[in-house]
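# Chains, contacts and geometry: an overview
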Amino acid sequence: MSAPPSLKSPATAAFLASPRLAVAPRAAVLGATAQPPRRLSCSAAVGAEARDLEMSAPMDWAARSVGELEQATDLDTFCMMALSPLDGRYFRFIKDLMPFFSEFGLIRYRVLVEVKWLLKLSQIPEVKEVPPFSKDAQLFLDAIVQDFSINDAKEVKQIEKITNHDVKAVEYYLKQKCSSNPEVAKVLEFFHFGCTSEDINNLSHALALKEGPASPTTLGKEMANFAARLSDIGKSFSEVKILGKFAGAVGNYNADVVAYPEIDWPKMTEEFVRSLGLEFNPYVTQIEPHDYISKLFNLFVQFNIVLTDFDKDMWTYISAGYFKQIAKAGEVGSSTMPHKINPINFENSEGNLSVSNGLLCTLSMKLPISRLQRDLTDSTVLRNLGVGLGHSLLAYKATMQGIKKLEVNKVRLDEDLEQTWEVLAEPIQTVMRRYGIPEPYEKLKEMTRGQAVTKDSIRKFIEGLDLPEDAQSSLLKLTPHSYTGEAENLAANIWNVVDLKSGFKIK
Ligand SMILES: O=C(O)C[C@H](Nc1ncnc2c1ncn2[C@@H]1O[C@H](COP(=O)(O)O)[C@@H](O)[C@H]1O)C(=O)O
């Protein structure tokens, strides 16, 4: 790779012109393969005789598999070897998040912000050194963002190997890329003008969060209580403002003000941040303080806690037989019990919600803390935004999949209700209180204690009560099946509180 043409300092140019970081030959990296496998020995006493067991150290197969991975060009090999289950086993469920939260995504957003900032500068009359671009030059710059590919991101990574500064690498990449356009080539030094890296980074992360999180809809229409709880939290997502800063290295526009004192920088940068569709945070240090990410993730955590409660209830209903799971031909429930269909989707969801909340809590507790102007601890931590959200997305998909497989087991529900006539003790007692019959609770206790409560025993008890005729006849009509109060109406009216259209939008 040649040095970016815009680099004027001889020292920097010489540094950049120096050979690329030497990549160690594969054999050296995998040095272990070249050596004979180490032997581990241990003693084991078996009865009276003790003998040495010799085991091959795992280095040979491990190194071989890393070698295969390094040579691989197919997705299956990468998935097979991924350390994170999100990137491997569950790749197909969360791949939609990857363009936003991967290394590629971050680089692409940085390119977008740098290009848009150059375009913004060209529209500020006081910045005469960057005159408005012609239509062609604008199209050229837009195309850099629109057509930005994984190969382009790889070019940026090559530059980063030399700079060891990931944001600077993007700036050099753009300078290199734009040197072929005569109009843009004249203003290359205005890429990253007046910016600190964090001006670019915070907007990139904010855009990823704004465009990336999936929008789960309501879960379980018939589960009205959960739908209402989840929807209530869901509405709060839209109240979190995704914020951006662009105020330079200490949050005061120091360098910008010296270069162009006549410009109203807070106003100009607010316009810029808003033009990206983000809210503006004027009170910042070198970094946007990340409080909004904390708020957002705390909401995800709360949402995930309710969903965990839902998953556990569904698991319990299934195990009680209230729901059947529709079997899919070819699928195996248990390797040893052929009849079994486990509630694996709800279990997968519960597990991933737990992993997700662990990560989201860590992120939300860590990110708002940075020493003085900033420390760089957030840089590496922020690379995990997508991991936390990825486990959530995986869980939401698993719950949805679980719900799709369910079938209400009416026979089982009827059986259960038929055996629980004692539930009518509550309404009978309440009607007795209303009509002033003394000691209603005690009388029912006496009737139900130590005896099976049946349809007949309940009927006999009601007939023996001194109640107005209509109250008595409505009690006689009551069955465990019909003792459901307003449940049906409440379930039907759930759409008054659950708004599927705007429930989960993030501003
Ligand atoms: O505008 C600036 O750069 C100001 C500078 N602060 C920095 N701001 C943002 N990024 C910086 C900063 N410093 C380093 N780096 C680069 O961040 C990268 C950190 O890598 P990782 O820990 O893997 O996330 C890694 O690429 C680092 O090189 C300061 O002097 O305070």
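On a predicted model such as this, the values are computed, not experimentally measured, just so you know.

### Thoughts on the site of the ligand
Taken together, the residues surrounding the ligand are N164, H165, D166, T196, S197, Q286, R374, L376, S379, T380 and R383. The separation between an oxygen atom of the ligand and a polar main-chain atom of D166 is 3.0 Å. Within the side chain of R374, one N or O atom sits 3.0 Å away from a nitrogen atom of the ligand. If the ligand stood free it would expose 640 Å²; the protein chains cover 64% of that surface.

### Quick word on the UniProt feature "domain: Fumarate lyase N-terminal" (unreviewed entry) in the protein chain
Following the UniProt record, one finds the feature "domain: Fumarate lyase N-terminal" (unreviewed entry) at residues 100-211 and 213-351. End C-alpha atoms of residues 100-211 are separated by 7 Å, and the span's content is 71% helix alongside 0% strand.

### What to know about helix α20 (residues 385-404)
Side chains of residues three or four places apart in an α-helix project in the same direction, reflecting 3.6 residues per turn. With 20 residues, α20 should reach 28 Å at 1.5 Å per residue; the first-to-last C-alpha distance of 29 Å fits that figure. Of all 20 residues that make up α20, 15 are buried, and the element is covered over most of its length.

### Observations concerning the domain arrangement of the protein chain
Taken as a whole, the protein chain is organised into domain 1 (102-211), domain 2 (219-245 + 284-329 + 339-412) and domain 3 (420-476). A straight line from the C-alpha centre of domain 1 to that of domain 2 covers 34 Å. With 12 residues of domain 1 in contact, the opposing surface of domain 2 contributes 17 residues. Around 1100 Å² of area is buried between domain 1 and domain 2 when both sides are counted, 59% of it from carbon and sulfur atoms. Connecting domain 1 to domain 2 are four salt bridges. Note that R383 and D166 form a salt bridge whose closest N and O atoms lie 2.7 Å from each other. Here domain 1 and domain 2 share five residue pairs in polar contact (both at pLDDT 80 or more) between them.

### Things to note about the UniProt feature "domain: Adenylosuccinate lyase PurB C-terminal" (unreviewed entry) in the protein chain
Here the UniProt feature "domain: Adenylosuccinate lyase PurB C-terminal" (unreviewed entry) sits at residues 370-484. Along residues 370-484, the helical share is 63% and the strand share 3%, with 54 Å between the first and last C-alpha atoms.

### Observations regarding the packing of helix α8 (residues 103-122) against helix α10 (residues 150-163)
It is the contact of α8 with α10, at a shortest axis distance of 10 Å, that shows an interaxial angle of 85 degrees. In this view, α8 runs roughly perpendicular relative to α10, as classed from their interaxial angle. Between α8, through E103, F104 and I107, and α10, the contact on the second element is made entirely by I150, A153, V156, K157 and E160. Of the residues in the contact of α8 with α10, the class split is five nonpolar, no polar and three charged.

### Comments concerning the confidence of the model for the protein chain
Across the protein chain, pLDDT averages 85, with 84% of residues at or above 70. In this model residues 1-53 is a low-confidence stretch, pLDDT under 50, and it forms 64 contacts with partners more than four residues away in sequence or in other chains. Note that residues 214-222 has pLDDT below 50 and, in this model, 21 contacts with residues that lie over four places away or in other chains. Interface confidence for the predicted complex, expressed as ipTM, amounts to 0.87; the pTM equals 0.79.

### Description of the environment of R89
Topologically, R89 is positioned in the loop between α5 (75-81) and α6 (91-94). Among the residues examined, R89 registers a relative accessible area of 65% and is labelled exposed. Along the sequence, R89 and C79 sit 10 residues apart, while their C-alpha atoms lie 6.3 Å from each other.

### Focus: the nonpolar core
One recurring pattern in soluble globular proteins: nonpolar side chains tend to sit buried together. L141 and F297 are the most contacted members of the largest nonpolar core, which totals 96 residues. Of the residues forming this core, the biggest block, 13 residues, is contributed by helix α17 (residues 291-320). There are two domains that each give this core at least three residues, and those are domain 1 (102-211) and domain 2 (219-245 + 284-329 + 339-412). For L141, the residues in contact, after removing those within four places along its chain, are V115, L118, L119, F133, C178, V184 and F191. Core analysis: the second largest hydrophobic core is formed by 16 residues, M432, I458, I462 and L478 among them.

### Overview of a nonpolar patch on the surface
There is a patch of nonpolar side chains on the surface, built from V66, M80 and M81 and spanning about 280 Å² of accessible area. Checked against the element boundaries, M80 lands in helix α5. M80 sits in the exposed class, given a relative accessible area of 69%.

The rules we used
Residues numbered from 1 in each chain as written. Predicted model: local features only at pLDDT ≥ 70, side-chain atom pairs only at ≥ 80, totals over all residues. Heavy atoms only, no water. Near = heavy atom within 4 Å. Polar contact = N/O pair within 3.5 Å; in protein donor to acceptor, adjacent residues only side chain to side chain. Areas by Shrake-Rupley, 256 points an atom, 1.4 Å probe, with all protein chains shown as cover. UniProt positions renumbered as here; feature names shortened; annotations may be inferred. Helix = DSSP H or I, 4+ residues; strand = E, 2+ residues; numbered from the N terminus. Expected span 1.5 Å × (residues − 1). Buried < 20%, exposed > 50% of the residue type's maximum accessible area, 1.4 Å probe, protein only. Domains from an automatic or database assignment. Contact = heavy atoms within 4.5 Å. Buried area = accessible area lost by both parts, 1.4 Å probe. Salt bridge = Lys/Arg side-chain N within 4 Å of Asp/Glu carboxyl O. Axes fitted to C-alpha atoms, helices over the stretch in contact; angles between N-to-C directions. Parallel < 35°, antiparallel > 145°, perpendicular 65-115°, else oblique. Nonpolar A, V, L, I, M, F, W, Y, C, P; charged D, E, K, R; others polar. pLDDT = per-residue confidence, 0-100. Core = buried A, V, L, I, M, F, W, Y, C linked by side-chain atoms within 4.5 Å. Patch = residues over 30% accessible without salt bridge, like charges linked within 9 Å, V, L, I, M, F, W, Y side chains within 5 Å.

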